[in-house]
Amino acid sequence: VTKQRGSFSKTITLPNTPTNRACFAYAYNIQSFVGGFQPNKRIRAAMWEDGVQVFSGVLQLLSMSKTKGTVTYEVGLFTDNVSLFKAIEGNMLVNTAGVTGMNHTPTSGHVSGTWTASGALSSGYGLRGG
Amino acid sequence: MVYGVVDAAGFTDILNQGGGWFQAPWWRLGPSIYVKKMVDLIFAEAGFRYSSTFFNSAFFNKLVMPYAAGTMPVNLSGSNILAQSTGNVTFAGSTNATALFPKDTPAPFYDNPGYWVASSSVFSNPAVATRWNVDVTLTVSGTTAGRFGASMSIRNITNSTDNAVITGISFATNTQFTVRFQNVTIPANTTANIGFAVTAGPNFLLSTFSILSGATVQWTCLENPVGIGVLDMRTALPADVKQSDLLQDLQKMFNLQFMPDPQDPKLLYIEPWKDFYSSGSVVDWSQKSDENAEQNLTNGDPNAYTNIVFKYKDMGDYLSKTYKQSYPLAREGYGGRIFNTGNFYGKGDKVVETLCGTLIPASFSTDKIVGRTWDIDGTLASGTVKALQTGYRLAQYNLVEGQTEWAYQYGVSGNVALSVGILKMPFVSHIDNPYAPNVDLTFGQPRLVYYNAVNASGSPYAYTNNNLYNTYWLNYINETVSQEALQLELTMLLSSVDIYQLDFRKPVYYGGIRWRLLEIRDYLVGQMKPCRVTLRRILNLTEFAAKSTSPPRSDPSGLFNGPIDPDPVDPGYEPPVNPELPSEG
């Protein structure tokens, strides 16, 4: 199920229109060293089809092609969604943010004060789930 | 969090711990963390949210992770005391003197627990007995130089007795010496001070003597049950478990389905499989299939497993070991379940094992049923209880009304435990209530339960088959591995609107019946080209309805209920004819 959008990628070829030329800052100009296109930066991108946004993610300029003076751009589209399991990969349970917020000094009264009938939903001593 | 009664180190109802009565001191109970709380913290830290009826249900809110460290750690250094005398104090030679140490601040002197009354140099013990090493370092001057004899004591002021006495101390005047009282127990709610008396020199007594300024007393704590201080709740969690392990175990237990919101990938829809598909309306894809393209149909289980095994991790405690000894061929272990697919062509087993263990309840010499996590060296009657770290377990908490009161020890007075009788037990285990079992966190009924729960007429309470397998996995297994199971891969022409509105929760209508959408492959964005779609046929299975089974009470000693009748859902289950019941020794 999590594959639905998490692993989406697509490579497309873009023509050298004035808009694309400006977006890519004349990256095909081999004599340009300064202030040109920055290939390492994250570029947000979206794609619409029939008025419906079918893709939202990032765009990477993979390569450019120049044939008889005609330039084309090969770009990759990737979803930048990180799945929950990727986001928490390697995180140890004991280091979960907020756990130390439950620190407290136990006493006999505090202990018995947690004995409520309805679990985490109920009122009682200390922090509760939810 | 909740301080459920979990026996991590042996309560008094175990024979070699006393037996015959049940008393739980508050400092032996550790806080269990609600699973819901941990899930919320994990999602918040990762920047995700969830929408889940199940996670917000009353049942899920009762799931807990029992205190992983077993018993609460005592920060002994938080109980230590170092105090100093501030001037020379002179006594007559025959005086039974009191050494004074009125300076417990500033550093390097300290009174961490606040037990030292500096103005009177009196140690005031808390409401439970404590144990100490006490070092007294002093220099004594006298009217006569030479070596002398002395005795020292830690007096019990409350009872006008001595907690500890050391006699025959030989010291030289004007020479610093140290006396150590080892392993001294100070009774609860008593006060104490340090006594010093010159007994005899080689030939004579000192006529007068002085304890010189700069003498110190160091109280080093060996045991102080109430000196827990601030409890670091990280000790409540297993140190070697990842956040993803918890979520994966929940997925394995409750057959959870995770689906990101198409428009908001940080929002996850999470429900058990049995509920996941009920929230979506059917989408009709009858006209989208390319009937000329190849269709692949797979009957039964595409993976062709012989068995599907659900099991909890074996935690190595006394009860799980006993169960394993009683049923050595039951490789699913206590609370596990083996489902035989009946597939002649099946090869190998699919093992779904959690990283967490379950918490097995038991009663011993009383009728008190609580979760137990300890192990034992030797027999139950005479062996030594080994407190184990409870480790990573998942259980449920319920406030259960027992048949008789249990003793909650809230303190000690002298040598007498101060307890209060409580009828309701904060019960933590895989079963919700041994006196009225309704929800069980095992995958399958244990063949034996280690407690004796009988009603007023002496009959054991019926056990429930409302467990994880039957409730969350049964229909899923039937739909995926039974002979009616059918998987279909076909070619469809899906529009961008179909993809935009894609929702795996919605059943797909095709060929006159409903299917579950499993996968879409080769969909090309921006191009109206066919793609491959995999569907699984929805079987019209009725929802599981729990039944109860009766333990026949074949244990001649009547100590345990069990073995339990077969689960009606699994008639192939064969309970042992002559189980080797664990004995009380």
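Cut-offs used in this document
Residues numbered from 1 in each chain as written. Chains lettered and ligands numbered in written order. Predicted model: local features only at pLDDT ≥ 70, side-chain atom pairs only at ≥ 80, totals over all residues. Heavy atoms only, no water. Helix = DSSP H or I, 4+ residues; strand = E, 2+ residues; numbered from the N terminus. Rg over C-alpha atoms; globule rule 2.2 N^0.38 Å. Contact = heavy atoms within 4.5 Å. Lys, Arg positive; Asp, Glu negative; His and termini not counted. Charge placed at Lys NZ, Arg CZ, Asp CG, Glu CD. Pairing = 2+ DSSP bridges. Axes fitted to C-alpha atoms, helices over the stretch in contact; angles between N-to-C directions. Buried < 20%, exposed > 50% of the residue type's maximum accessible area, 1.4 Å probe, protein only. Polar contact = N/O pair within 3.5 Å; in protein donor to acceptor, adjacent residues only side chain to side chain. Parallel < 35°, antiparallel > 145°, perpendicular 65-115°, else oblique. Left-handed = near helix turned anticlockwise from the far one by under 90°. Nonpolar A, V, L, I, M, F, W, Y, C, P; charged D, E, K, R; others polar. Buried area = accessible area lost by both parts, 1.4 Å probe. Salt bridge = Lys/Arg side-chain N within 4 Å of Asp/Glu carboxyl O. pLDDT = per-residue confidence, 0-100.

*Asks:* What am I meant to see in the overall build of chain B here?
*Replies:* For chain B, the helix and strand inventory stands at 6 helices and 38 strands. Over its C-alpha atoms chain B spans a radius of gyration of 34 Å, topping by over 25% the 25 Å that the globule rule assigns to 585 residues. Counting only C-alpha atoms, chain B reaches 120 × 65 × 40 Å along its principal axes. Long-range contacts, defined here as pairs at least 24 residues apart, represent 75% of the contacts in chain B between residues at least 6 apart. Computing the positive centroid from 41 side-chain charges and the negative centroid from 49, chain B places the two 4 Å apart.

*Asks:* When you look at the sheet that holds strand β24 (residues 307-311) of chain B in this model, what are you seeing that I'm missing?
*Replies:* Strands pair in a sheet through their backbones, by hydrogen bonds, and they do so in one of two ways: parallel or antiparallel. Residues and elements named next belong to chain B. Strand order in the open sheet made by the 3 strands is β25-β24-β26, with mixed pairing throughout. If you trace the sheet from one side to the other, it starts and ends with β25 (337-340) and β26 (349-353), each paired once. The sheet shows a mean angle of 15° between the axes of neighbouring strands, taken without regard to direction. Taken together, the 5 bridges between β24 and β26 define a ladder with parallel strand orientation.

*Asks:* What is the right way to look at the side chain of Arg532 of chain B in this model?
*Replies:* All names here are of chain B. Here Arg532 is to be found in strand β37 (residues 531-537). Exposure remark for Arg532: the relative accessible area of 14% places this residue in the buried category. One polar contact links Arg532 to Glu489, side chain to side chain, over a distance of 3.0 Å. What Arg532 contacts, discounting residues up to four positions off in sequence, is Glu294, Asn296, Glu489, Leu490, Thr491, Glu519, Ile520, Arg521 and Asp522.

*Asks:* How should I be thinking about the packing of helix α1 (residues 35-46) of chain B against helix α2 (residues 243-254) of chain B in this particular structure?
*Replies:* The description of two helices packed together rests on the angle between their axes and the distance between the axes. All names here are of chain B. Between α1 and α2, the shortest axis-to-axis distance is 11 Å and the interhelical angle comes to 125°. The orientation of α1 relative to α2 falls into the category oblique. By crossing handedness, the relation of α1 to α2 is classed as left-handed. Of α2, the residues touching α1 (which contributes Val35, Met38, Val39, Ile42, Phe43 and Glu45) are Gln243, Leu246, Leu247 and Leu250. Residues that form the contact of α1 with α2 fall into these classes: 8 nonpolar, 1 polar and 1 charged.

*Asks:* What exactly am I supposed to notice about the environment of Asp240 of chain B here?
*Replies:* With respect to the helices and strands, the residue Asp240 of chain B is situated in the loop between β19 (216-223) and α2. Distance from Asp240 of chain B to Tyr392 of chain B, taken between C-alpha atoms, is 8.8 Å for residues 152 residues apart in sequence.

*Asks:* Explanation requested: the environment of Leu222 of chain B in the structure shown.
*Replies:* Examined against the element boundaries, Leu222 of chain B turns out to sit in strand β19. Through-space distance from the C-alpha of Leu222 of chain B to that of Trp26 of chain B is 19 Å; in sequence the pair is 196 residues apart.

*Asks:* Would you mind going over the interface of chain A and chain B with me for this structure?
*Replies:* In many analyses, interface size is given as the accessible surface area lost on bringing the parts together. Taken together, the 53 residues of chain A in the interface contact 64 residues of chain B. Roughly 5,300 Å² is buried in total at the junction of chain A and chain B, and carbon and sulfur atoms are behind 69% of that figure. Between the two partners, chain A and chain B, sit 0 salt bridges. Counted by class, the side of chain A that touches chain B contains 24 nonpolar, 24 polar and 5 charged residues.

*Asks:* How do you make sense of the confidence of the model for chain B when you look at a structure like this?
*Replies:* Where the model shows low pLDDT, its predicted coordinates should not be examined in detail. All names here are of chain B. When pLDDT is averaged along chain B, the result is 86; 90% of the residues meet or exceed 70. Scored below 50 in pLDDT, residues 575-585 shows 27 contacts in the model against residues more than four places distant or in partner chains. What the predictor reports for the complex is a pTM of 0.75 with an ipTM of 0.72.

*Asks:* Teacher, can you tell me more about the sheet that holds strand β18 (residues 208-211) of chain B here?
*Replies:* All names here are of chain B. Strand order across the open sheet formed by 3 strands is β7-β18-β13, with antiparallel pairing between neighbours. Either end of the sheet is taken by a strand with one partner, and the two such strands are β7 (89-92) and β13 (140-142). Here the strands of the sheet are splayed against their neighbours by 25° on average, with no regard to which way each runs. Sheet topology note: the β7/β18 ladder contains 4 bridges and is antiparallel. The residue bridging Thr90 from the neighbouring strand is Ser210, located in β18.

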